[in-house]
Structures are given as C-alpha cells and as structure tokens.
Amino acid sequence: MLRRPAPALAPAARLLLLLAAGLLGGGGGVWATRGAPDDVDVTFHDVTSGPRTQQRSLHKGSVGVAGKAFLVPLPSSAVTLAFLPPPSVNKHKPWLEPTYHGIVTENDNTVLLDPPLIALDKDAPLRFAGEICGFTIHGQNVPFDAVVVDKSTGEGEIRSREKLDCELQKDYTFTIQAYDCGKGPDGAGMKKSHKATVHIQVNDVNEYAPVFKEKSYKASVVEGKQSGSILRVEAVDADCSPQFSQICSYEIVTPDVPFTVDKDGYIKNTEKLSSGKEHQYKLTVTAYDCGKKRATEDVLVKVSIKPTCTPGWQGWSNRIEYEPGTGALAVFPNIQLETCDEPIASVQVTVELETSHIGKGCDRDTYSEKSLHRLCGAAAGTAELLPSPSSSLNWTIGLPTDNGHDSDQVFEFNGTQAVRIPDGIVSLDPKEPFTISVWMRHGPFGRKKETVLCSSDKTDMNRHHYSLYIHGCRLIFLLRQDPSEERKYRPAEFHWKLNQVCDEEWHHFVLNVEFPSVTLYVDGVSHEPLSVTEDYPLHPTKIETQLVVGACWQGGDQHMTQFFRGNLAGLTIRSGKLADKKVIDCLYTCKEGLDLQVPEDGGRGVQIQASSSQAVLTLEGDDVGELDKAMQHVSYLNSRQFPTPGIRRLKITSTVKCFNEATCIEVPPVEGYVMVLQPEEPKISLSGIHHFARAASEFESPEGVFLFPELRIISTITREVEPESDGAEDPTVQESLVSEEIVHDLDTCEVTVEGEELNPEQESLEMDMAHLQQKGIEVSHSDLGVVFTGVDTMANYEEVLHLLRYRNWHTRSLLDRKFKLVCSELNGRYLSNEFKVEVNVIHTANPVEHANHMAAQPQFVHPEHRSFVDLSGHNLANPHPFAVVPSTATVVIVVCVSFLVFMIILGVFRIRAAHQRTMRDQDTGKENEMDWDDSALTITVNPMETYEDQHSSEEEEEEEEEEESEDGEEEEDITSAESESSEEEEGGPGDGQNATRQQQLEWDDSTLSY
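Owing to the predicted nature of the structure, the values given are computational and were not obtained by experimental measurement.

J.: Explain the sheet that holds strand β19 (residues 299-306) to me, please; I cannot follow it from the model alone.
T.: Sheets are built from strands paired through backbone hydrogen bonds, the pairs being either parallel or antiparallel. Across the sheet, four strands lie side by side as β12-β19-β18-β15; this open sheet has mixed pairing. Edge positions in the sheet fall to β12 (216-222) and β15 (247-252), since each of these pairs with one other strand and no more. On average, each strand axis in the sheet is tilted by 30° relative to the strand beside it, whichever way the strands run. The pairing of strand β18 (residues 280-289) with β19 spans six bridges and is classified as antiparallel. When the sheet's bridge partners are listed, Tyr281 is paired in β19 with Val303.

This is the structure in structure tokens:
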C-alpha cells in the first residue's frame, strides 16, 4: 500500500480523485482517516445501487470493501488516500446433496423431494457469486424440469412437464446439477455443482375400475352335491399400484340365490341343488378393488344343474334335415360321450343308418333294371321280366305294385298272383353261360315251396326245365339239362341256406350259371352251394315251355302252383355272358350312406370300419376325447340328383370296456333320424311344330316323313326368390317365382299313335338303328307306336327323335295321322307334357277348266305356341316354319267363301245400277209433272212409312258402304260420284221442307209402275 500526504483539494477535485481512484482500482475502495479510530458515518457510492450511508469504524491503514467507492468528508488540512487492489470473487461452486428421493402423483406435477432441493454456495452472501441461478437435469426422455425458487437461498423444486401415467411408467431416475450466477449479471465465470442422483416414484390414482376377464361364465353342477367350488370368476384392474390394482372382494348382486363367492372369486353352492326345482341359475357378480372402486360392468354367471350323472351321449339332435344336392352333412357335430369321470379302457361305437323302407333297402336310381345294367357296364342282351307296364310291355299291368317308392318299380306277390312271360322275351340255352339277377324281399316265413322263376312244360307234362325257388330259408336253383346221348347223373339242384332268404328284408341275388358251376352273390358277397343234387337229363319232347314269375305252371294240370309271397323287382336274365363282379357291386351299391372323413388333427388312435353298404360305421378307441372328435365328423351323404324324400333313422350303440369290469358303465343307445327334404321337381317340356302337311308321295317314299323335325326338350325347376326389401315389414311384398333350366337324363320317350292302331301292312314308324346303337338307346316297336329306352341326355334324345320317320305306302284313303310323344325320367317319376303332332296328306287333284282366283300357297306351317311351360328367364328361339301345303278341307272352305263373296259383289253392283237408272227417270218425270199440273197435285204421305223407308235406306247405305270397301277401284269411283251428287242435293238452296218433299217424291217414284 502506498501512503502519501495529499494537499487540500476543492470538493470537485476531491470527487474526481476518488472516482479516478475507484476506476484505477478496478472496483477497489478508498477512504481517509485522521488520528485514532473513530466511528463515522460513511457514504458508499455503489455503481449499481447508488450512494448509501453506513456507520463504520475506520482505522488508519485499514482496507475497505472491494468494489465499493465511497466519499468521506475530510478536513481540508489533512487527508489520506488509500488505493486497494480488488479481492478474488466466485471462489466456490455450488453444493448439492448426493441423492434425492421424490414422489409425484399422477394428477399433480410437483415432486416432493427428500431432502428438499437446496443448493449451497460458500461465496454467499456475495451477489452473483453467492447466488444460485438454475439447475440442469441430465437424462433421456425425462419429463421433468428443475426451477429455482430463491436465488439467494438456493432453494429449488422439480416439476413434471406433462401428465404422468403410473400405468405406463412407475418411476424415473436422472441426475441434476446446480449452477451459480457467476461474477456478474452476465453470468460470466459461472460454476456448476457435482451431479446429484434423483429417484422419483409416480404415485397411482385409482382411475381404473375392475374388469372381468370373460364376458360371461358357465358352469354345471350335479344335483345333490355340495361341492367346494363350482367355478372361479376373475377380474383385473389396470391401475399400477398394488393398492388400486388388486381385487379385494367379489360380490353376488343377484339376491336370494343359494350361492356365495369368496374374495378370490370362487363360487360355491350353499345348499344341495335339484334340477327339478331349478334347471339353471343366473347370477350377477361384481368386483371391487382395494380402493373400493366397483367394476364398470357386472358379469353374468350361468350355473346349470345337471341331474345325477348318467353315462351317455350328449349334445346330439334327434332330427337332422338334409337338403338334396348339398353334399355331406355332419349328423353329430356337437356330440360328446359322458363317462361320469369313470376310468375306461376302450369304447366301441356303432352308427347304423336305417334305410330298409326306402326303395329296395336304400336310395338307388329308379331307372329300369335294363338301364341300370347298361349304366353299370353290363353287356347288351339283358331281358327284363318285370318291366314297368307300358303299351309294348304290358304283361305286368295287372300285377299289384308298391307305389310308395317314387317310381321304384316294386311288384307285390301275395301267394295268389303270377305273371306269364310272353314267348320270345327270353332265349336261354342251358349249355351256355347265363345270369339271373333279382331284388327280393321274402316273407312271411313258410314251409312250402315258393317259386320266384320257373320254366316248365306248357302242356301235357309237369316237367320243370329250370327254376329258382325258396323252401324255408333255403334258396334252390334247379337246372335240368336237355336230352343228350349220355344218360348219366348230372348236377341239377343247387342249395344255399341263408338268413337273407327269410329275414323279410330287401336283398340282391345274382346267379352266375356256367354249367356245372353255379355261383350265388347276395348283396355283392359270393356264396358257394351248401349242397348239390344230381339228376338225369330230361327226356326228348317237342313240348313248348312256359316261363312264369311268382309261381310255376303245371302243363299237365293246366294250373299254377308254388306261389311266391313277398316282393320282387329288377328280375332279369342275360344269356351268353356272366355278370362281372364290378357290375354286381354297382347294381347293389346305394346312393346314400354314412361317411367319415377324419381331419389330421382329430380322431387319432380311433379305428374305423365301414360296411359295404355304407349303412354301418364302427369306431373304436381308448381316448374318449379323440373318439368324440371322430364322431363329430360322421356325415350323411346322398349322391342322387333327385333323392327319395323321407326319414332315414339313425342309431348309436356303444360298448364300454373298463379296467374294473365290476364297475364298468353302460351307455344307453341313441336314436334319431335324417329328414331328406323334397327335391325341387323338374318340369320336362316338349315343344316344336305340332301340325304340318306333306304330299302323299313323301309318305310313300323310302325316307318317309320326319315327325319331330324341330323338337326341343328342356327341363326347368321353379325356385322361390325372396324380395330384396324386408317382406316382414311390408306385407304387400310377395315372393317371386323364377324358373331355372337344369340338365339331367331321360330314360324313356314313348311315341304312340292316336286313333286307329298302326297297320303293319301299309304303315310304319322307322328309325336308323345304327344311330341308335351309337347313342346307347334301344327302341321297341308295336302297333301302338315305338318306345325309346335307355338312360341318356336330353340332347341325345332330341337327336334321336328328330330322325324318327313315318311311312305309309297306301295313302289314297289317308287324310291325316296324329301322334303323341311323352318323355320321362327315373322310370316315370317325372313326366313331360303330352306333345301332339298332326300330319296331313296332300293328294294331287286333276286340273279344272276355271282356275280359282285365290292361288294356294305352296306350303305352310303352324308353329306351336305352348302356354303350359313357364320358362321365365329362358328365351327359346321359335323354330323355322317348314314349307307345307293346306289340307283338302281348307281348300274347299276357301273356294266356297270366295264364291259367296263374288256373288254378293255381283248383286250389289246390279242393285246400284238399277237404283241409278231409277233416279234419272224420277228426275225427268218430276219436271214434266210439275210443269204440267204442279199446283193441283196432292200427295198423301204416311209418316210411318216415310220413317221406315228412311231407316231402311240408312241400313242399305251402311251395307253398301261395307260392300264397297271390298270392291275394286271401279266401285270406289261409283261411290265417289254418288257421294258428290248427294252433297249437291243436301247443300242446295232448298230448305227442310224441300228435302222432306224430295224424300216423299223418291218414295212415291219407287212405288210407280211404268
């Protein structure tokens, strides 16, 4: 420090010196003392805050506060100036606690810290250096800010920048630093504290209510038992804290129910329950969290009271509806086997489909037996002994039939009926192989011989050449050999003892005979004869044989014997070739049955067996769960396009094997049925040209006349289509019917002649046989017409019928011929309309002297417009008219009408000419008469006659106008002239009296005689 005496200065100079001293000192202080210490008032001049006065004890040579400039009033005689260097500032950095723990609530933003956030600085109380200016937070995605509450004390707090969610994040950890204000207001020389760790926990708010895990709960309890717990309901809470996220209690809201629920959600019954009293209880349960907040939605709990556990199948329906054409239908989709928790070793289940009342044991195609053989691939040459009655096959007309099987032709024999087969239907040589096939249901059981088929002597003797008959439960086939040079015993009777012969059920029997070997197939399974009896060949005779079905003809006694009792169908004989096993299986195979397609993930370890008829399925396994899955895939399938509607009964029988046979459970059988709905019936429609004529020479030509050149065959079904709008709301909206064309086969088309039968000596219906063989359609002729048989498409039948020709080589007395065509499907189950055709014969007439003024058209047709066919949605092209000639009756009518019209025109012309002549004479006489004595002329007129004449004149004029419209141009000219004359008379200068007088004169003139 430098001291020196200073001369006295003026006040202004003294002030400048102090200011200079202050500036030079860089903020240092200066003061002066005199003598000993003394307490004086000192005025401080602060650059920022200005002057302020403090009492200080000043000592000589002491140092004042740095950065302050003050002025002491000094005596002028003595003053001491001191120049002090500035002291060091902001030596220390702020200080924080090493760790802080904080708590913040979800709905608040201020964090409560322990300890409180206070930053200390040893530079205090210096301004800036001893003050805290802020805090800095270090960390990623920290939603907090630290703010200074008081700079001088260093107090601060932490606040959240956004709303916190405990459910998303429960706590946060980050570091914080404090920094001072530096050396001055600009913050220069700022110092930071060390980094302190802050742990903040987010406190939960009970904002979420409990929610149940399931929308509803179901359980069942056996009656009479009071179990520990029936089921458990469970709710969850989305809050994050244990206090609010835990479910503290459950409560049954429904009053007066015999159930209780504990804090863990377990429901149990408080008393023994009875299914007779209440079949099912419905409970409403709610939940509370530990914050006493109730669940937003209560849950429904259904508790079913089951009767005392009874082993058996559950979850099945006794009625299953099957719609035709929908493929396989699962019949037990939800079935389960209840074993009442009994340990079982294995279960065997048998599912049976009962179809014995449908057709011949099940649903099959109802075509004729001959057609079925052809469909199955059998060779041609099958003779059908029991065909559907028709005009050409009429020997079964009087035989009782079973008409309840949708045209499946079944014939009934009650022990008194038999059918004689006409000669020539069957040609059988015992030396060659042949096959006999028949569907048979025999019963009731009897001990007498009953003959199915018998060929015996027609007269004189009672020898049986071959026969198939039943004796008890034995089926016997007799085959006697024709006379031969060797007279030795040969096999003659083949015996089979079978239950199928007398069980009163339908069975399919096929005999393959290739002497001396005979093989019997029953329902597709071969059987060898039980015994064979030998006999001598027959004696040679010339007696004809008689083939009978249902009995045997005794030629010597001339009566029937050994009548059959039961039902027969499809009896056929085919000579020359044996039936193949594939054909036999095809004939027997049902079109309906049970099917089981087990998926890969179900039915493991289950053994499955199916019968040949697909009517019985057997399943066996040791895992009840896998067995249930297999049973749920058992399905019913009917592959027919038009199945037979009705009931098919189902039956399930089960056998359970347990480890302990004494306590093994018994499963009662289950019975239900499949209802096959009525299929949509097709409507077969025939259309084309129904009336035409041809010259007689065409009928007599070798080609003849084609009867159905433009025939069209279509089939439609009618469906009900619901309207797009809601018909229930609008009662005026009705369902509409829409016809859709479908494609199916035909098996018969019959063409019959109407009126007199065909005379083979002068007329015939002919067909190209080679074309028929290519189509696989057979034709049979009779005096009534022709019958086309064979299962084929409608298009092929159209093509065949287009080629049917009618020939008549004696047409002199023939004017017309009428024919009728009817087609059918499934052996007459679906019939078409009757399509009638009339053909007229045009005979050549001798030329006449005067030709008719109406030239006949060379040919004409009448295309048919049928109104019975509803073909909505189908546009059928009209057939092109054929060129034909009008009939004789039509020509005669046209000539007569023309002659009558000509006579009328001629008469009208003559009447008009006479009327005009009369008018001219009237005008001449009237003028002379009036000139001669007009004044004295007196005319008396009858007014009634005048009115009648006027009325008759008007009628004549109307008739004349109608006749004039039919005349030529000459008549039109005459009419025009008369019209002009009439207009001149009406439009003349005369008045009404003149007109009346003129009419009277005209009437008088008409009565004059010249």
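J.: Could you clarify how one ought to interpret the state of the cysteines in this entry?
T.: Covalent bonding between the sulfur atoms of two cysteines defines a disulfide. Taken as a whole and judged by the stated rule, the model has nine disulfides. Put simply, Cys166 and Cys240 are joined by a disulfide, and their sulfur atoms are 1.4 Å apart. As the torsion about the S-S bond is roughly 105°, the Cys166-Cys240 disulfide counts as right-handed. Taken as a pair, Cys166 in the loop between β8 (155-160) and β9 (171-180) and Cys240 in the loop between β14 (235-236) and α2 (242-245) lie far apart in primary sequence, 74 residues in all. Of the two residues, Cys166 and Cys240, neither departs from the other in class, the shared state being buried.

J.: Hey, could you run me through the sheet that holds strand β33 (residues 490-497) in this one?
T.: Read across the open sheet, the seven strands follow the order β28-β38-β30-β31-β32-β33-β37; overall the sheet is antiparallel. Only two strands of the sheet have a single partner each, and these edge strands are β28 (419-421) and β37 (531-535). Averaged over all neighbouring strand pairs, the angle between strand axes comes to 20°, with direction disregarded. Two elements, β28 and strand β38 (residues 545-549), share three bridges in a ladder whose sense is antiparallel.

J.: Quick question: what am I supposed to make of the pairing of strand β45 (residues 634-638) here?
T.: Moving residue by residue along a regular strand, the side chains alternate between the two faces of the sheet. Along β45, four of the five residues are buried, which leaves the element largely enclosed by surrounding structure. Here strand β22 (residues 329-330) pairs with β45 via two bridges, running antiparallel. By the bridge assignment, Leu329 is partnered in β45 with Tyr636. In terms of strand pairing, strand β42 (residues 592-596) meets β45 through five bridges, oriented antiparallel. Paired with Asp595 across the bridge in β45 is Ser635.

J.: What is the right way to look at the pattern of salt bridges in this model?
T.: Where charged atoms from two side chains of opposite charge come close, those side chains can pair. On inspection of all chains with the given rule, the structure shows 28 salt bridges. As a salt-bridge pair, Glu778 and Lys370 come within 3.7 Å of each other at their nearest N and O atoms. Of this pair, Glu778 sits in strand β55 (residues 778-782) while Lys370 sits in helix α3 (residues 369-375), and the two are 408 residues apart along the sequence. We classify Glu778 as partly exposed; its relative accessible area is 28%. With a closest N to O distance of 3.8 Å, Arg712 and Glu798 form a salt bridge. Placement of the pair is Arg712 in strand β51 (residues 712-721) and Glu798 in helix α8 (residues 794-802), with a sequence separation of 86 residues. Several salt bridges converge on common partners, so that one network encompasses Asp363, Asp365, Lys591, Glu592, Arg640 and Arg648.

J.: Before we go on, may I ask you to explain the packing of aromatic side chains in this structure?
T.: When we look at a pair of aromatic rings, we describe it by the centre distance and by the angle of the planes. Applying the stated criterion to the full structure yields twelve aromatic pairs. An angle of 90° between the planes, with centres 5.0 Å apart, marks the rings of Tyr322 and Tyr636 as edge-to-face. You can see Tyr322 sitting in strand β21 (residues 319-322) and its partner Tyr636 sitting in strand β45, a full 314 residues away along the chain. As far as the burial class goes, Tyr322 and Tyr636 line up, both buried. The ring of Trp553 carries Arg420 above its face, with NZ or CZ at 4.0 Å from the centroid.

J.: Would you take a moment to explain unusual backbone geometry for this structure?
T.: The phi angle of most residues is negative, glycine excepted, and most peptide bonds adopt the trans form. In this structure, Pro115 follows Asp114 across a cis peptide bond, with omega equal to -5°. Locating Pro115 in the fold gives a position in the loop between β5 (112-114) and β6 (132-138). The backbone phi angle of Asp256 is positive, close to 55°, even though this residue is not glycine. Note that Asp256 resides in the loop between β15 and β16 (259-261). Notably, Glu504 is not glycine yet its phi reads approximately 60°, a positive angle. Relative to the helices and strands, Glu504 resides in the loop between β33 and β34 (507-514). Note on Glu504: relative accessible area 44%, which makes it partly exposed.

J.: Teacher, can you tell me more about the nonpolar core here?
T.: In globular proteins that are soluble, nonpolar side chains generally tend to be buried together. Membership of the largest hydrophobic core comes to 49 residues, with the highest contact counts inside it found for Ile713, Val751, Phe788 and Leu821. Leaving out residues up to four positions away in the same chain, Ile713 has contacts with Ile684, Ser685, Leu686, Leu746, Met794, Tyr797, Glu798, Leu801 and Cys823. Of all hydrophobic cores here, the second largest spans 38 residues; its members include Phe494, Val513, Phe515 and Phe564.

The rules behind each value
Residues numbered from 1 in each chain as written. Predicted model: local features only at pLDDT ≥ 70, side-chain atom pairs only at ≥ 80, totals over all residues. Heavy atoms only, no water. Pairing = 2+ DSSP bridges. Helix = DSSP H or I, 4+ residues; strand = E, 2+ residues; numbered from the N terminus. Axes fitted to C-alpha atoms, helices over the stretch in contact; angles between N-to-C directions. Disulfide = S-S within 2.5 Å. Buried < 20%, exposed > 50% of the residue type's maximum accessible area, 1.4 Å probe, protein only. Salt bridge = Lys/Arg side-chain N within 4 Å of Asp/Glu carboxyl O. Phe/Tyr/Trp six-rings, centres within 6.5 Å; stacked < 30°, edge-to-face > 60°. Lys NZ or Arg CZ within 6 Å of the ring centre and 35° of its normal. Core = buried A, V, L, I, M, F, W, Y, C linked by side-chain atoms within 4.5 Å. Contact = heavy atoms within 4.5 Å.

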